[in-house]
Amino acid sequence: MNLAFRDIRHSLGRFLLTCFGLSLLLGVVLSMIGIYRGLVEDALTLARSPQADIWVVESGSRGPFAESSRIPGDTREAIARLHGITATGAVTYQSVEARHGGKALRLYVVGYEPDRLGGPRQIVAGRTIARSHYEMVADARTKLSLGDQVPLGRNTFTVVGLTENQVASGGDPLVYLSLRDSQELQFELAPPAARRAMAGNGVISTTDTVNAIIARVSPNVQPATVTAATQRWKHLAAMTQIEQENILTRSVVERARKQIGLFTAILLTVSAVIIALIIYTMTMDKLREIATLKLIGAPDRTIIGLIVQQALAMGVIGFAFGALLITAIKDYFPRRVILQPGDGVALAAAVIIVCVLASALGVRLALKVDPGEALKG
Amino acid sequence: MGSDKPQPLVETRTISKRFGEGDARVDALREVSLAVYPGEVVGLLGPSGSGKTTLLNVIGCIVEPNAGWMSLDGEVVYDEGWRRSDLRRLRLEKIGFIFQFHNLLPFLNCFDNVAIVLNLAGFTPLAARQRAIELLEYLEVGHRKDAFPAQLSGGEAQRVAIARALANRPRIILADEPTAALDSERAGIVMDLLRKVAAEQHAAVLAVTHDDKIYDRLDRVFDLRDGRLGEDHEPKVGGMT
């Protein structure tokens, strides 16, 4: 006879309400893990999108995502001539705020040379940039549609293609422009500033500047040998794709990662305490019944089974509700929430362990109950 | 007591039990000796605080005495090397408890409240089912087998509690104020039932009671005052001794 099942069935409404409360808590834990994964994935998306093996940046800089990096636009030709390089591209990166439909739109602009490395990996609607000016490929998270006109700087761009899940580490969706347009947007002085520069020294600095050169290396060549070869240029530094990804995850989003990780740990601890309190209270409510069970000869394992099985049922049902809830609403979060099966399994295991440990308090209380309590009025 | 009497089902010799130490010491039982034989329904009388419940707890293997000797159905309890699991086994196999407030498990229906004892005793599900239904029918609450305790009247709940106490055919039935929550008619029915069980199963019934309505259903009574047990005697109907 399964006493835990019968007790749950007898007070099903109360039990399900408790499970629902727990599911909200576990849903928040799961969503925090998902946000953590999303943060890392978003940060890496930008670096992985060009499918490069080598990043060449300004000397003394850790690349365009960590700090400012400006190198001459013609560096690409020099890099392309190195042994083992099969493809190159010049890229710029810039955060901008545009207005569209009366609303502010935070965008992360990627400038690239059409037909070279650095463009969007996959277009889900429309096409890639075909003209050298005033065309834009935008991520679906911008809520822009094909044909929309977006003013950026002194020009207006037409959305010709859409991507999905292309966001920067800060969560801003990516838009792709031609390198020339992005350079104008980033480096060209506004007319009053240009006039002042002309009046000052009669020279306006060139806009042919890029943030990084990316390159793909032949499978027969070690990327590290290519990065070593770039040491000949004192004004350049190079890093492999793995090094670039490490900079993003270990440096750029490190604080946010730690913050979310810590918050997740606190939430898990709070969940454990709440589960323990719920189980303890459930046991307190049943002390007379436990005393009666002992009096009629129930062994300790029957009492322990009653408490532990209820705790496990509560944990499993709470986790399942929470997982379903977050899976259903994750796309409505402002930032990407990535739920990985491994994380779900790990949290489920953690919840089960927490339930078993938390029920120890209730079990301890139950085992101390004197069967004589059943005889008291 | 004559020498031709059978072996007692409950026998205590100079059982003592005290609580606390020093000024706070309370001698709940002082060298209590009694014997209850098969087929007997014996009353345990005494004012509040006289040690009736403590004696019931000692005989029910719930409270360990400080001194004395006790045997239940021929098995010596609290002898050398006794274990807690032995007491639990004795409660399950030899003793049936009936409480003043029935103490049915609220999350089990009547059938399960009876069947759980059989389940703990190792009956097969089919045998447990047959025995539980047979008992509920015998106590005229078979039609309420699917009801939960909260849905029962006081009399029905007490009869289900008796069914639970009798489920494993115990030789010793300990009842703590079994009729206190019942009217005269129901109290009489319950006591008649206990007498019938005692006679049919050769069981011993020891009932703590203040209820003078049931004195005529007792074979003998013991008076307990300040932890001391007086001589047993026949009940005096119409008032407490």
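Remember, predicted model here, so these are calculated numbers, not experimental data.

(A) Highlighting the overall build of chain B. Within chain B, the secondary structure is distributed over six helices and 10 strands. Whereas a compact globule of 241 residues would reach a radius of gyration of roughly 18 Å, chain B reaches 18 Å, a difference of no more than 12%. Here the C-alpha coordinates of chain B stretch approximately 50 × 45 × 45 Å along the principal axes. Counting every position in chain B, which comprises 241 residues, the buried fraction comes to 54%. In chain B, the proportion of contacts linking residues at least 24 apart, taken out of those at least 6 apart, comes to 70%. Total accessible area on chain B is roughly 10500 Å²; 46% of this is exposed by carbon and sulfur atoms.

(B) Focus on the packing of helix 1 (residues 3-10) of chain A against helix 10 (residues 300-329) of chain A. All names here are of chain A. Between helix 1 and helix 10, the shortest axis-to-axis distance is 8 Å and the interhelical angle comes to 55 degrees. Taken together, the axes of helix 1 and helix 10 lie oblique to each other. The handedness of the crossing between helix 1 and helix 10 is right-handed. The segment helix 1 lies against helix 10, with Leu3, Ala4, Asp7 and Ile8 engaging Thr302, Gly305, Leu306, Gln309, Gln310 and Ala313. Per-class residue counts for the contact of helix 1 with helix 10 are five nonpolar, four polar and one charged.

(C) Broad picture of the confidence of the model for chain B. The pLDDT averaged across chain B works out to 85; a share of 93% of its residues lies at or above 70. Averaged over each element, pLDDT in chain B is lowest for helix 2 (residues 84-94) of chain B (82) and highest for helix 3 (residues 110-120) of chain B (92).

(D) Here's a closer look at the packing of aromatic side chains. Tallied over the entire structure, the rule returns four aromatic pairs over all chains. Each member of the aromatic cluster is reached from another via a ring pair, and the members are Trp55, Tyr93 and Tyr108 of chain A. Across the ring face of Trp69 of chain B, the terminal group of Arg13 of chain B is positioned such that the distance to the ring centre comes to 4.0 Å. A cation over a ring is seen here: Arg129 of chain B above Phe111 of chain B, with NZ or CZ 5.1 Å from the ring centre.

(E) Representation of helix 11 (residues 341-368) of chain A within the structure. Residue and element names in this part refer to chain A. The terminal C-alpha atoms of helix 11 lie 41 Å apart, and with 28 residues this matches the ideal 40 Å at 1.5 Å per residue to within 8%. Maximal helix bending in helix 11 amounts to about 30 degrees, located at Leu361. The complete set of buried residues in helix 11 reads Asp343, Gly344, Leu347, Val351, Val354, Cys355, Ala358, Ser359, Gly362, Val363, Leu365 and Ala366. Structurally, helix 11 contributes buried residues whose contacts are with helix 2 (12-48), helix 8 (254-284), helix 9 (287-295) and helix 10.

(F) Structural context of the interface of chain A and chain B. Residue-level contacts link 25 residues of chain A with 23 residues of chain B. When chain A packs against chain B, close to 2300 Å² is buried across both sides, 66% of that on carbon and sulfur atoms. Looking only at chain A, the three residues that lose the most surface to chain B are Met1, Ile296 and Leu375 of chain A, adding up to 29% of its buried area. There are one salt bridge connecting chain A and chain B.

(G) Highlighting the sheet that holds strand 1 (residues 10-19) of chain B. Residue and element names in this part refer to chain B. With antiparallel pairing, four strands are arranged side by side in an open sheet as 2-1-4-5. Every interior strand has two partners, whereas the edge strands, strand 2 (26-36) and strand 5 (75-77), have only one. Neighbouring strand axes in the sheet, compared pairwise and without regard to direction, differ in orientation by 25 degrees on average. Of the pairings in the sheet, the one linking strand 1 to strand 2 comprises seven bridges and is antiparallel in character. Directly across from Ile15, in strand 2, lies its bridge partner Val32. Relative to strand 2, helix 1 (residues 52-59) is tilted by about 60 degrees, and along the sheet it contacts strand 1, strand 2 and strand 4 (67-72).

(H) Structural context of the domain arrangement of chain A. Residues and elements named next belong to chain A. Parsing chain A into structural domains produces domain 1 (3-43 + 255-375) and domain 2 (49-252). Averaged C-alpha coordinates put domain 1 and domain 2 at centres separated by 48 Å. Of the residues lining the interface, eight residues belong to domain 1; the matching set on domain 2 comes to 10 residues. Here domain 1 packs against domain 2, burying approximately 780 Å² in sum over the two surfaces, 43% of which is carbon and sulfur. Ranking the residues of domain 1 by area buried against domain 2 places Ala43, Arg257 and Arg336 at the top, with a combined share of 54%.

(I) Region of the structure containing the nonpolar core. Trp55, Leu293 and Met314 of chain A together with Leu72 and Ile116 of chain B are the most contacted members of the largest nonpolar core, which totals 151 residues. Taken together, domain 1 (3-43 + 255-375) and domain 2 (49-252) of chain A each give at least three residues to this core, which thus spans both. The contact partners of Met314 of chain A, leaving out residues within four places of it in the chain, are Phe15, Thr18, Cys19, Leu22, Ile275, Ile278, Ile279 and Met282 of chain A.

(J) Representation of the confidence of the model for chain A in the model. With 95% of its residues at a pLDDT of 70 or more, chain A has an overall mean of 86. Least confident of the elements in chain A is helix 5 (residues 191-201) of chain A, whose mean pLDDT is 67; most confident is strand 6 (residues 135-139) of chain A, at 94.

(K) Layout of the pairing of strand 6 of chain A. Residues and elements named next belong to chain A. Most of strand 6 is tucked away: five of the five residues are buried. Residues Glu135, Val137 and Asp139 line one face of strand 6 and the alternating positions Met136 and Ala138 line the opposite face, and both faces are buried. In the sheet, strand 6 pairs with strand 8 (residues 155-163) via five bridges, with the strands oriented parallel. Looking across to strand 8, one finds that Glu135 is bridged to Thr158. Inspection of the sheet shows strand 6 paired to strand 9 (residues 174-178) by two bridges, in the antiparallel sense. Within the sheet, the bridge partner assigned to Ala138 lies in strand 9 and is Val175.

(L) Spotlight on the pattern of salt bridges. On inspection of all chains with the given rule, the structure shows 29 salt bridges over all chains. Among the charged side chains, a salt-bridge network with shared partners connects Asp73, Glu75, Arg89, Glu93, Lys94 and Arg171 of chain B.

(M) Inspection of the sheet that holds strand 3 (residues 41-45) of chain B at higher detail. Residues and elements named next belong to chain B. Judged by pairing direction, the sheet is mixed, and its six strands sit side by side in the order 6-7-8-3-9-10 without closing on themselves. Among the strands making up the open sheet, the edge pair consists of strand 6 (95-98) and strand 10 (228-229). Note that strand 7 (residues 172-176) and strand 8 (residues 204-208) share five bridges and pair parallel. Note that in strand 8 the partner of Ile173 across the bridge is Val205.

(N) Representation of unusual backbone geometry in the model. Residue and element names in this part refer to chain B. Unlike most non-glycine residues, Glu31 shows phi in positive territory, near 45 degrees. Mapped onto the elements, Glu31 comes out in strand 2. Looking at Glu31, the relative accessible area reads 56%, which means it is exposed. A positive phi angle is found at Arg169, which is not glycine, with a value near 50 degrees. You can see Arg169 is positioned in the loop between helix 5 (154-166) and strand 7.

(O) Representation of the packing of helix 3 of chain B against helix 5 of chain B in the model. All names here are of chain B. Packing of helix 3 against helix 5 leaves a shortest axis separation of 8 Å and a crossing angle of 20 degrees. Taken together, helix 3 and helix 5 sit at an angle that is classed as roughly parallel. Here helix 3 and helix 5 pass one another in a crossing that is right-handed. Residue-level contacts link Cys110, Asn113, Val114 and Val117 of helix 3 to Val160, Ala163 and Arg164 of helix 5. Across the contact of helix 3 with helix 5, the residue classes break down as five nonpolar, one polar and one charged.

Conventions we followed
- Residues numbered from 1 in each chain as written.
- Chains lettered and ligands numbered in written order.
- Predicted model: local features only at pLDDT ≥ 70, side-chain atom pairs only at ≥ 80, totals over all residues.
- Heavy atoms only, no water.
- Helix = DSSP H or I, 4+ residues; strand = E, 2+ residues; numbered from the N terminus.
- Rg over C-alpha atoms; globule rule 2.2 N^0.38 Å.
- Buried < 20%, exposed > 50% of the residue type's maximum accessible area, 1.4 Å probe, protein only.
- Contact = heavy atoms within 4.5 Å.
- Areas by Shrake-Rupley, 256 points an atom, 1.4 Å probe, with all protein chains shown as cover.
- Axes fitted to C-alpha atoms, helices over the stretch in contact; angles between N-to-C directions.
- Parallel < 35°, antiparallel > 145°, perpendicular 65-115°, else oblique.
- Left-handed = near helix turned anticlockwise from the far one by under 90°.
- Nonpolar A, V, L, I, M, F, W, Y, C, P; charged D, E, K, R; others polar.
- pLDDT = per-residue confidence, 0-100.
- Phe/Tyr/Trp six-rings, centres within 6.5 Å; stacked < 30°, edge-to-face > 60°.
- Lys NZ or Arg CZ within 6 Å of the ring centre and 35° of its normal.
- Expected span 1.5 Å × (residues − 1).
- Bend = angle between axes of the 7 residues up to and from the residue.
- Buried area = accessible area lost by both parts, 1.4 Å probe.
- Salt bridge = Lys/Arg side-chain N within 4 Å of Asp/Glu carboxyl O.
- Pairing = 2+ DSSP bridges.
- Domains from an automatic or database assignment.
- Core = buried A, V, L, I, M, F, W, Y, C linked by side-chain atoms within 4.5 Å.

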